[in-house]
Structures are given as structure tokens and as C-alpha cells.
Amino acid sequence: MSNTSLRGRDFLTWLDFSRDEIEMMLDTAHELKRKQVRREQHHILPDYTLHMLFYNTSLRTRNSFEAGMTQLGGHAHFLQPGAVYTPALKGEEKAYSTERISDVARVLAEMGDAIAIRIYGKHTGWKYGKGNLIVREFAKWSRVPVINMEDDMYHPCQALADVMTMQEKLGHNLQGKKFVMSWAYSGSVEKPLSVPQSAIISAAMMGMDVTLAHPKGLDLDPNVLNATKDLAKKHGGGFKIVNDMDEAFKGAEVVYPKAWTVQPTDGSGVMDPEKAKAIFEANKDWITTKQKMELTNDAYYMHCLPADRDMEVTDEVIDGPNSIIIEEAANRLHGQKGMMALIMG
Ligand code: CP
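Described in the following lines is the structure provided in the data block. (Residues numbered from 1 in each chain as written. Predicted model: local features only at pLDDT ≥ 70, side-chain atom pairs only at ≥ 80, totals over all residues. Heavy atoms only, no water.)

## Some remarks on the site of the ligand
Taken together, Ser-58, Leu-59, Arg-60, Thr-61, Arg-118, His-155, Gln-158, Cys-304, Leu-305 and Arg-332 are the residues near the ligand. A distance of 2.7 Å separates an oxygen atom of the ligand from a polar atom in the backbone of Leu-59. In the complex, the protein chains occlude 94% of the 260 Å² of accessible area that the ligand would expose alone. Given that more than half its atoms are within 2 Å of the pocket grid, the ligand belongs to the largest pocket. (Near = heavy atom within 4 Å. Polar contact = N/O pair within 3.5 Å; in protein donor to acceptor, adjacent residues only side chain to side chain. Areas by Shrake-Rupley, 256 points an atom, 1.4 Å probe, with all protein chains shown as cover. 1 Å grid on protein atoms, 1.4 Å probe; cavity = no way out; pocket = protein on both sides within 12 Å on 5 of 7 lines; lining within 4 Å. Sits in = over half its atoms within 2 Å of the grid points.)

Here it is as C-alpha cells:
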């Protein structure tokens, strides 16, 4: 199975793809999910190897890629900086413990069929954009596709699972459905902007009526906001930003409340934990409760997980009848299989 427009492409952000191309991935993902449920073998990538490099921890991403490659007839290698020489940008190498990305990318490309990377947060000194720069450096040097398993700007694989799950719950055509991406309180400020940014981009690309809600001071990247606005216009959806969680929830069909940090996005500096903590602590009431869910149009509750229970959301909501978090996590497997089948196949 292959599609010439997608074969060999990197998967770094949805912004690199047209809606038709993303829909090809989603349709393939739904098709492969049906095959997997029926236990029909679908070795589209026989003996293929995916090299996965995790600077950060993971439950869902690691296991969905490993299981996905096995189901496609291939294999995934789990690589951790420290166990391999830590891939570093030119000028940031340290003798004996690091290896320049240009060398790592070219070597791994000779031994496998794609390279996947996760990097954000403390591994980039919380300097916004540096994780994305590192992923793009791999893509520059690798002759096989590079997959972004979450950097500090985007989590495009999560977005595939999120849209797939909404299609299963609300119908394939998401046009005009009211989607709310909301900030939520957490006791930790170490939360990248990748999930909310990919969520608003993907919902806007699908023509949804998107509301972004957050307290003042928790703005997302203006370039991402502009891209989302353009996508909403192009695909007949909507996009607005509000600073009130209750206002955002009114009439929503899907709510996706999670924490993200206070992060300078203009290259001016790094995340300041003290400043972020002060803003977080002033907004502890941004928790998703049953009362808030009652403001919605019987909305589905989504979260990429892991969730900070009793901070971002109450147990009653996350374990309640409208929560689709497990389906969402499960679709990480299927969404990524659809994407890999097309870019690697
Ligand atoms: N949602 C997500 O990326 O989960 P992990 O951090 O467990 O991979």
C-alpha cells in the first residue's frame, strides 16, 4: 500500500500536509483498525525498521509505535539518549557522550526505514522551538522519513488519534462541530504547548468550530494561532479565543482541557518556572468538573493523557460516561499505523 504523494515524506506537523493528504492517512488508519479488530494480517511494512529515539518518557507513544510496527510486519527499536550517544546539534557536542545529529541521522537511515523522535522540556532547557529544531535537523540529514513523536511545538501523532476518535464518536464529517481546547490547572508547570497547538490546527483543518480557552498570560504561539485562523477560514470552520472556561464550555460537543505552560514563543527566552507557577496557582479553578460539563451540549471529554487528576479534572468526569480518553489512547496505535503505511510504504 502506498501513495506517491506521501511516500518518503516526514511527519513533523499537520501544517506540512493538505487536508486531502491528512484524510488519506485517517482513512487508512480506520481501514487498518478494522483489519486489526478482525485479526486480518496486514503486513504492509514487512521487515521494515523504525528507530525511535526518546529523550522524554512515554507510555502511549512508545507502546503504540512498537505494537504498530509489529502489526505492520516490521519492528521498532527503542533508543534512549544515554544508552546511545546523545544526538546533539553542531556546537553542542561533548566528547564521549554525544554524537552530532548529522551523523546519527545518516547512520540510522542506513539501518532502518524511518526515524522517530520525542524531545521537549528539560532536554531543550525549556527554550521554545529548540525541540522542533532538533527534529527538523534529523529530517534535514535523514534520507528516510522522520516522524515527530512530540516536540515543544507539535504532537502530530496525538492529533491523528484525536481526530480519528472524534470521527468515531461524532461521524466522519466533523464540519461545524463545536470543539473546545481549554487550559486546565496542574500542580506542575512542566507542560509543553505541543498538544493544544496540534489540537487546534487539526480541528480547524477538519472544519470544526474551534474555541481556545485559557487564562490571560497563557497564550499559544502567535504563528500557530494565525495558521489556525487561516485553516478555519479555508475549511469553513471557526476559531475564537476566550479567557473564560465556562463561556467556552457552553454548547460544546467536545472539550479537551489540559495544562500547558507559560512559554515565550518569540525566541526571547526560556520558560520561567516561578512566573508560570504564579499564573497556574491563580487559576486553580480551571478544573473540569461535572458542573462545568453540564454547561456543554453533552460533550465528550478528551485528554491526551497522562492527566493530572483532581487538578485538571475530577475523577467523576474523567471516569464518567462522556470520557473517551481510552479510545483516544487506543487510536494512537491505529492513527500512527495509517500514517506509517503511507509515508514508509
Ligand atoms: N499522549 C502521549 O503522548 O502519551 P505518552 O507521553 O505516554 O507517550
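Resuming the write-up.
## A word on the layout of surface pockets
In this structure, the largest pocket occupies an estimated 550 Å³ of space. Among the residues making up the lining of the largest pocket, the classes are represented as eight nonpolar, 11 polar and nine charged. Considered as a void within the structure, the second largest pocket measures approximately 200 Å³ in volume. If you trace the second largest pocket, you find it lined by Lys-290, Met-293, Glu-294, Thr-296, Asp-298, Ala-299, Glu-316, Val-317, Gly-320, Pro-321, Asn-322 and Ser-323. (Points joined across faces, edges and corners; volume = space filled by probe spheres on them. Nonpolar A, V, L, I, M, F, W, Y, C, P; charged D, E, K, R; others polar.)

## Thoughts on the environment of His-155
Residue placement: His-155 occurs in the loop between β6 (146-148) and α5 (156-170). The exposure class assigned to His-155 is buried, which follows from its relative accessible area of 3%. For His-155 and Leu-6, which are 149 residues apart along the polypeptide, the C-alpha to C-alpha distance reads 19 Å. For His-155, the residues in contact, after removing those within four places along its chain, are Thr-61, Arg-118, Met-149, Glu-150, Ser-194, Val-195, Ser-198 and Arg-332. (Helix = DSSP H or I, 4+ residues; strand = E, 2+ residues; numbered from the N terminus. Buried < 20%, exposed > 50% of the residue type's maximum accessible area, 1.4 Å probe, protein only. Contact = heavy atoms within 4.5 Å.)

## As for the pattern of salt bridges
Throughout the structure, instances matching the rule amount to 18 salt bridges. Between Arg-19 and Glu-23 there is a salt bridge; the shortest N-O distance is 3.1 Å. Of this pair, Arg-19 and Glu-23 are both found in helix α1 (residues 19-37), four residues apart, which corresponds to roughly one turn of the helix. Using a relative accessible area of 18% as the deciding quantity, one classes Arg-19 as buried. (Salt bridge = Lys/Arg side-chain N within 4 Å of Asp/Glu carboxyl O.)

## Notes on a negative patch on the surface
On the surface, a cluster of negative charge is made up of Asp-244, Asp-246, Glu-247 and Asp-285. A relative accessible area of 35% places Asp-246 in the partly exposed class. (Patch = residues over 30% accessible without salt bridge, like charges linked within 9 Å, V, L, I, M, F, W, Y side chains within 5 Å. Lys, Arg positive; Asp, Glu negative; His and termini not counted. Charge placed at Lys NZ, Arg CZ, Asp CG, Glu CD.)

## Focus on the environment of Leu-295
Inspection of the secondary structure puts Leu-295 in the loop between α10 (290-293) and β11 (300-301). On the basis of relative accessibility, which here comes to 31%, the residue Leu-295 falls in the partly exposed class. Taking the C-alpha atoms as reference points, Leu-295 and Asp-162, 133 residues apart in sequence, are found 22 Å from one another.

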